[in-house]
Protein chains: 4
Amino acid sequence: MKFFELCPSKFGKDDQLGALNYIARESTAAAVRLVRNGRIFSLMHMLEDEIPVNWFHKDFIYHTYRSAPEMLKYFDSVFPNKNRISFTNIRMEMSDHTGTHIDGLNHATIGYSLYNGVDVRDVTTTRGTSRLGIENMLPIVTRGVLIDMTLLHVYDGPQAIPVSDIERVISIENIQIRRGDAVLIYTGWERFWKTDNQRYVSSMPGIGVEAASWLASQEVATVGSDTQSVEVEPNEEPGVDGRVHQILITENGIPLIENMKLSELASAKVYEFLFVCTPLKIRGATGSPVHPIAIS
Amino acid sequence: MKFFELCPSKFGKDDQLGALNYIARESTAAAVRLVRNGRIFSLMHMLEDEIPVNWFHKDFIYHTYRSAPEMLKYFDSVFPNKNRISFTNIRMEMSDHTGTHIDGLNHATIGYSLYNGVDVRDVTTTRGTSRLGIENMLPIVTRGVLIDMTLLHVYDGPQAIPVSDIERVISIENIQIRRGDAVLIYTGWERFWKTDNQRYVSSMPGIGVEAASWLASQEVATVGSDTQSVEVEPNEEPGVDGRVHQILITENGIPLIENMKLSELASAKVYEFLFVCTPLKIRGATGSPVHPIAIS
Amino acid sequence: MKFFELCPSKFGKDDQLGALNYIARESTAAAVRLVRNGRIFSLMHMLEDEIPVNWFHKDFIYHTYRSAPEMLKYFDSVFPNKNRISFTNIRMEMSDHTGTHIDGLNHATIGYSLYNGVDVRDVTTTRGTSRLGIENMLPIVTRGVLIDMTLLHVYDGPQAIPVSDIERVISIENIQIRRGDAVLIYTGWERFWKTDNQRYVSSMPGIGVEAASWLASQEVATVGSDTQSVEVEPNEEPGVDGRVHQILITENGIPLIENMKLSELASAKVYEFLFVCTPLKIRGATGSPVHPIAIS
Amino acid sequence: MKFFELCPSKFGKDDQLGALNYIARESTAAAVRLVRNGRIFSLMHMLEDEIPVNWFHKDFIYHTYRSAPEMLKYFDSVFPNKNRISFTNIRMEMSDHTGTHIDGLNHATIGYSLYNGVDVRDVTTTRGTSRLGIENMLPIVTRGVLIDMTLLHVYDGPQAIPVSDIERVISIENIQIRRGDAVLIYTGWERFWKTDNQRYVSSMPGIGVEAASWLASQEVATVGSDTQSVEVEPNEEPGVDGRVHQILITENGIPLIENMKLSELASAKVYEFLFVCTPLKIRGATGSPVHPIAIS
């Protein structure tokens, strides 16, 4: 295997958008026309205590910072208001890769190379990176398709998903994958979210090198899944780790959406829909927690 | 002035949705049909250092937690991978009311009462509140309207916006406010975001009691603005503080979207659009940073 | 077993000091006279990545917040100084029970009772507790003694330390335990710190109910150990958890110092010394990271 | 003015201890003999809400993370214990330069140079710096002297303290400054701590270049004060900033202790004492909150 340490973009040497370039304005308008009855599916897991995390990113930690009963007393004593308003808020401390989240084009490297040949040593700061940060990512509004792999398999371990299986599923579902799509792959691994966190994070089914390359060749805009990594872990080849992240993010500029909640969409047999995902614009960040939705 | 400390909901005693009940499925589908050319407007300010915050919520603090160059060396020494992947991430520490954000129905009280008569003392925990948390808020997909007050005024202080001015503006814009709408009020105060933070947060133009009551009577789903509080601050009546929050959130279950970036929409003279805003589902939280969008 | 839910203090109903009352001013002066050659032993583990923590307290998370190279450029551009100074700092996010730390008298309850009959429901706020907070704890300067249990045993599991063994050790060491002492119990469990974190935290040798009661009867000021809990875990009696914390902290007002690094002191056979431990005065906190020292 | 960008240490090219080298073991033992009656003075301000901070370091943020009443219910339902123990803890998020704190030798630069010629670009990581981190600093146990400048002046602005005034004060106090001392300079500025935070941080009296150079020539171990910066701010020379930090920390390896609470010591007229300050050993950190004490 030969890995190139430079990943030129087909969209030009200054490009920071990657595969989101495929979502042209016309196709947004077309995607919107997929909406029939306006049913909205939430594709986000709850952010709360005891959600699965991996060691690299660490825990989601949050807590009440101001409580309305306390603050009411404080306001009464310090600057009383006649209408007796008070407020509660929380503060939270978390990775940009917490819970349901999107991976930016600055998240994964091949050696020192990020997407489009950016040398990560040149752009790393104390506030993420000075190029390719998530703040450059546009809101994603495009056609979404659900690839429900559970129509073929009940995965109980880190099986790789071959292209042939994807093709069988989209044939069963009677849909096609198109340029600019958000492709969501449902593996059923979601069932271990919070029921068996250790199992959820330690290995998982997903696409391998073959399917990743094929999806890139389809010029999809983004790939999501109901697992922590989208890709099969461990990789099919010993000694290889995160190769699908490199193929999709680093070589092809395709952001990944991880830890999605897709079971409801699968149960409803909704395979084609308007997909909306709006990452928070955090300067320099390498990802963002998101609340993606499907509208059918 | 008499303030009731119980705020019964017209949607039933168990309701946690508030005015989002107005967005029926048909009107979502209808709102989607407003999309013409698929142009997307981002209505979110960048999250970064030195954004305006107020003392109650405190700063947005973030930083690189893992850097790819460091982690590459770590991986090489501890568990080398043939494909030489590495990763960067950040961690962030912030209030749920940071930057462009939505206020949940558990944020503001009248005395000890939250929306729908919930006593805040009964539901406050170390993880926000056990009822009315932001995790109950549905993704908002509805018709949006922009009320561009700068068509009438250049505000240079805390002017209250009367209903008559709103009516003049929607007449100029040739639109109407309808049940279930996301009403976005552009004051131009956005110009002080990061250019004069002290001015941005210390006082601001916005709707007062009259306009808030009128908007509630229109049965709008949510109200947003390009200011920190949506409402005029200080209040028109001395000794009153946050009264509009109480009228909209606590009494009528209408969430507010604050610190929006609306100037681009105003410049483009886009007054009616598909509006999408998907709060993060944080259990118990009283708000969420959001990246709302308008699609025209 | 009968547990009382009220824990009156022998030091009076308003007491917040607990066993630190035993350290009278004369005995501080006497302790100081124990110093012979001025050798200082650091009894604190390094705070760094991948230290053992338990689920209750969560991780120690820290990171560079400002880097001098970045800030030098910032200063040059925004407010240049002729002497070209720049600075680095870090921020850290952690529990008050991180690493080597002391447990305050408000940390552990029997039902709803804290030390001295304080009902924890009455004093809990969003900033710890309004009584018995660590800010009330005095700097500890007293005679310290090391009880080196490894003179008798190499513990490889959660053995309880009986009083008879403590008595044998102090006989071997030729010391006595006195009123007002800081009693440090070295078990050797420290060898798993960062070498086997899972083993370090999941069970441990330590004092049980008998030895805790005996130490309380000796009127010692504080008890420390080279384990996470000072006490044997799991408890000798099935279904009982943290009983030693209750006996020492809640019933007798004796703070515990946990995760100490005691091996160097044991190697040097220093069994009697001046002990200094100065908890950070954090209003309402239930503990504090500390850097205790022994001076021989 | 000529600033050298390399600051060789007189203690050898590998030295990371700086002026703490002056505290030889004998002088620790001698310092201990200064203790007469064992009275302990706490020289730390409370860590709490609304303490003064500067923009560089940002706020001290803390909050209850687990409350005993909540956790008691949780334990009862998930793993009940017969003795009904429960716990409260807090988490805190802060700079290593929060409140009363010590500045490490890696905190301040001259250009890119740290103490002892270390190039800050070579040692900066995401966890502070890989050399000169605060974990290398020894516990400080030495003779302390209080220079009570209020015996001469009531400072109401950023007056620089000349050497001649220091000499007058130590003459009045009938003490001498010796090699290895902790020199604590009381200005009275402490009176603005929490009473006028803006005033406390925006300018302050303190030593200037002359007195800093003189103190360095006295070979003192550390210099503390009851101000944010120890040094006069703004500097006496326009366009110069933090020059005293450079002289003491960067050129001479003398750590500074800032935001000390010294009024009680001054009131008691205790000018010579045993001084103990034990920075937390945080790997790579550039400082540490501390609770220094004086024992007379």
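Data block above holds the structure.
Rules used in this analysis
- Residues numbered from 1 in each chain as written.
- Chains lettered and ligands numbered in written order.
- Predicted model: local features only at pLDDT ≥ 70, side-chain atom pairs only at ≥ 80, totals over all residues.
- Heavy atoms only, no water.
- Buried < 20%, exposed > 50% of the residue type's maximum accessible area, 1.4 Å probe, protein only.
- Helix = DSSP H or I, 4+ residues; strand = E, 2+ residues; numbered from the N terminus.
- Pairing = 2+ DSSP bridges.
- Contact = heavy atoms within 4.5 Å.
- Buried area = accessible area lost by both parts, 1.4 Å probe.
- Salt bridge = Lys/Arg side-chain N within 4 Å of Asp/Glu carboxyl O.
- Polar contact = N/O pair within 3.5 Å; in protein donor to acceptor, adjacent residues only side chain to side chain.
- Nonpolar A, V, L, I, M, F, W, Y, C, P; charged D, E, K, R; others polar.
- Phe/Tyr/Trp six-rings, centres within 6.5 Å; stacked < 30°, edge-to-face > 60°.
- Lys NZ or Arg CZ within 6 Å of the ring centre and 35° of its normal.
- Axes fitted to C-alpha atoms, helices over the stretch in contact; angles between N-to-C directions.
- Parallel < 35°, antiparallel > 145°, perpendicular 65-115°, else oblique.
- Arc of directions from axis to C-beta.
- Core = buried A, V, L, I, M, F, W, Y, C linked by side-chain atoms within 4.5 Å.
- Least-squares fit on C-alpha atoms with pLDDT ≥ 70 in both.

## Things to note about the pairing of strand β15 (residues 272–277) of chain D
Residue and element names in this part refer to chain D.
Here is step 1: The buried count for β15 comes to five of six residues, which makes it a mostly enclosed element.
Here is step 2: Note: strand β9 (residues 140–148) against β15, six bridges, orientation antiparallel. Bridge assignment links Thr142 to a residue of β15, and that residue is Phe275.
Here is step 3: Across three bridges, the pairing between β15 and strand β17 (residues 293–295) is antiparallel. Note that in β17 the partner of Val276 across the bridge is Ile293.

## A few points about the interface of chain B and chain A
Here is step 1: Counting residues at the interface gives 99 residues for chain B, matched by 99 residues for chain A.
Here is step 2: Taken together, both faces of the contact between chain B and chain A bury some 8500 Å²; the carbon and sulfur share is 61%.
Here is step 3: Among the residues chain B hides against chain A, the three largest losses belong to B:Phe56, B:Arg91 and B:Lys281. Together they make up 9% of the total.
Here is step 4: Joining chain B to chain A, the criterion identifies eight salt bridges.
Here is step 5: The shortest N-O distance in the salt bridge between B:Arg91 and A:Glu93 comes to 2.6 Å.
Here is step 6: Along the contact surface separating chain B from chain A lie 59 residue pairs in polar contact (both at pLDDT 80 or more).
Here is step 7: By residue class, the composition of the side of chain B that touches chain A is 44 nonpolar, 31 polar and 24 charged.
Here is step 8: Where strand β3 (residues 85–87) of chain A meets strand β6 (residues 108–110) of chain B, three bridges bridge the pair, whose relative direction is antiparallel. Paired with A:Phe87 across the bridge in β6(B) is B:Ala108.

## Quick look at the interface of chain A and chain D
Here is step 1: Taken residue by residue, the interface counts nine residues in chain A and nine residues in chain D.
Here is step 2: Both faces considered, chain A and chain D share a buried interface measuring about 720 Å² in area, 50% of it formed by carbon and sulfur atoms.
Here is step 3: Sorting the residues of chain A by area buried against chain D places A:Ile61, A:His63 and A:Tyr65 first, and these three jointly supply 56% of that buried surface.
Here is step 4: The tally of links between chain A and chain D comes to one residue pair in polar contact (both at pLDDT 80 or more).
Here is step 5: Among the elements that take part in the side of chain A that touches chain D, strand β2 (residues 61–66) of chain A stands out by supplying six residues, more than any other.
Here is step 6: Per-class residue counts for the side of chain A that touches chain D are three nonpolar, two polar and four charged.

## Regarding the packing of aromatic side chains
Here is step 1: Throughout the structure, instances matching the rule amount to 48 aromatic pairs over all chains.
Here is step 2: Measuring from ring centre to ring centre gives 6.4 Å for A:Phe56 and B:Phe75, while their planes differ by 25°; the resulting arrangement is stacked. With one member in each of two chains, A:Phe56 in the loop between β1 (40–42) and β2 and B:Phe75 in helix α2 (residues 68–78) form a pair that bridges those chains. Accessibility classification places A:Phe56 together with B:Phe75 in one group, the buried group.
Here is step 3: Judged by centre distance (5.4 Å) and plane angle (85°), the ring pair of A:Trp193 and A:Tyr200 falls under edge-to-face.
Here is step 4: When its relative accessible area of 8% is taken as the criterion, A:Trp193 is described as buried.
Here is step 5: Residue A:Tyr200 is classed as buried on the basis of its relative accessible area of 1%.
Here is step 6: Lying over the aromatic face of B:Phe56, A:Arg66 brings its terminal NZ or CZ to 5.2 Å of the ring centre.

## Let's talk about the packing of helix α6 (residues 209–217) of chain C against helix α7 (residues 243–251) of chain C
Residues and elements named next belong to chain C.
Here is step 1: At their nearest, the axes of α6 and α7 sit 9 Å apart, and the two run at 5° to each other. Between α6 and α7, the crossing angle belongs to the class labelled roughly parallel. Contacts between α6 and α7 involve Val209, Ala212, Ser213 and Ala216 from the first element and Arg243, Val244, Ile247 and Leu248 from the second.
Here is step 2: Residue composition of the contact of α6 with α7, by class: six nonpolar, one polar and one charged.

## Some remarks on helix α4 (residues 163–173) of chain C
Residue and element names in this part refer to chain C.
Here is step 1: Among the residues making up α4, those that are buried are Val163, Asp165, Ile166, Val169, Ile170 and Glu173. Relative to the axis of α4, the buried residues are bounded by an arc of 160° and lie together on one face. Exposed and oriented more than 90 degrees from the buried face of α4 are Ser171 and Ile172.
Here is step 2: Where α4 is buried, its residues touch β9 (140–148), β10 (160–161), β12 (206–207) and α6.

## Brief notes about the pattern of salt bridges
Here is step 1: All told, the structure shown has 72 salt bridges over all chains when counted by the stated rule.
Here is step 2: Of the charged contacts in the structure, one is a salt bridge between A:Glu264 and A:Lys261, with a shortest N-O distance of 3.9 Å.
Here is step 3: On the accessibility criterion, A:Glu264 (36% relative accessible area) is partly exposed.
Here is step 4: Between D:Lys82 and C:Glu237 there is a salt bridge, and its shortest N-O distance comes to 2.8 Å. Here C:Glu237 lies in the loop between β13 (222–225) and α7 and D:Lys82 lies in the loop between α2 (68–78) and β3 (85–87), a pairing that spans two chains.
Here is step 5: Looking at C:Glu237, the relative accessible area reads 31%, which means it is partly exposed.
Here is step 6: Ionic contacts of the salt-bridge type, sharing partners, join the residues A:Arg143, A:Arg178, A:Asp181 and A:Glu272 into one network.

## Remarks on the nonpolar core
Here is step 1: In terms of nonpolar packing, the biggest core is built from 165 residues, with C:Ile147, C:Ile207, D:Ile147 and D:Ile207 touching the most fellow members.
Here is step 2: Ignoring sequence-local partners within four residues, the contact set of C:Ile147 consists of C:Ile166, C:Val169, C:Ile170, C:Glu173, C:Ile175, C:Ile177, C:Val183, C:Leu184, C:Ile185 and C:Tyr186.
Here is step 3: In this structure, A:Leu43, A:Val230, B:Ile175 and B:Ala221 belong to the second largest nonpolar core, which totals 164 residues.

## What about the relation of the copies chain A and chain D?
Here is step 1: Mapping chain A onto chain D calls for a rotation angle of 180° and an axial translation of 0.0 Å; the resulting RMSD is 0.0 Å. Interpreted geometrically, this transformation is the action of a two-fold axis.
Here is step 2: The overlap is high: 100% of the interface residues of chain A also sit at the interface in chain D, so the same surface is used on both sides.

## Quick notes on the relation of the copies chain B and chain A
Here is step 1: In the superposition of chain B on chain A (RMSD 0.0 Å, axial shift 0.0 Å), the rotation amounts to 180°.
Here is step 2: Both copies share a contact surface, since 100% of the interface residues of chain B are interface residues in chain A too.

## Here's the deal with the packing of helix α4 (residues 163–173) of chain A against helix α6 (residues 209–217) of chain A
All names here are of chain A.
Here is step 1: Direction vectors running N to C along α4 and α6 enclose 55°, while the axes themselves pass 8 Å from each other. Accordingly, the angle class assigned to the pair α4 and α6 is oblique. On α6, the residues touching Val163, Ile166 and Glu167 of α4 are Glu210, Ala211 and Trp214.

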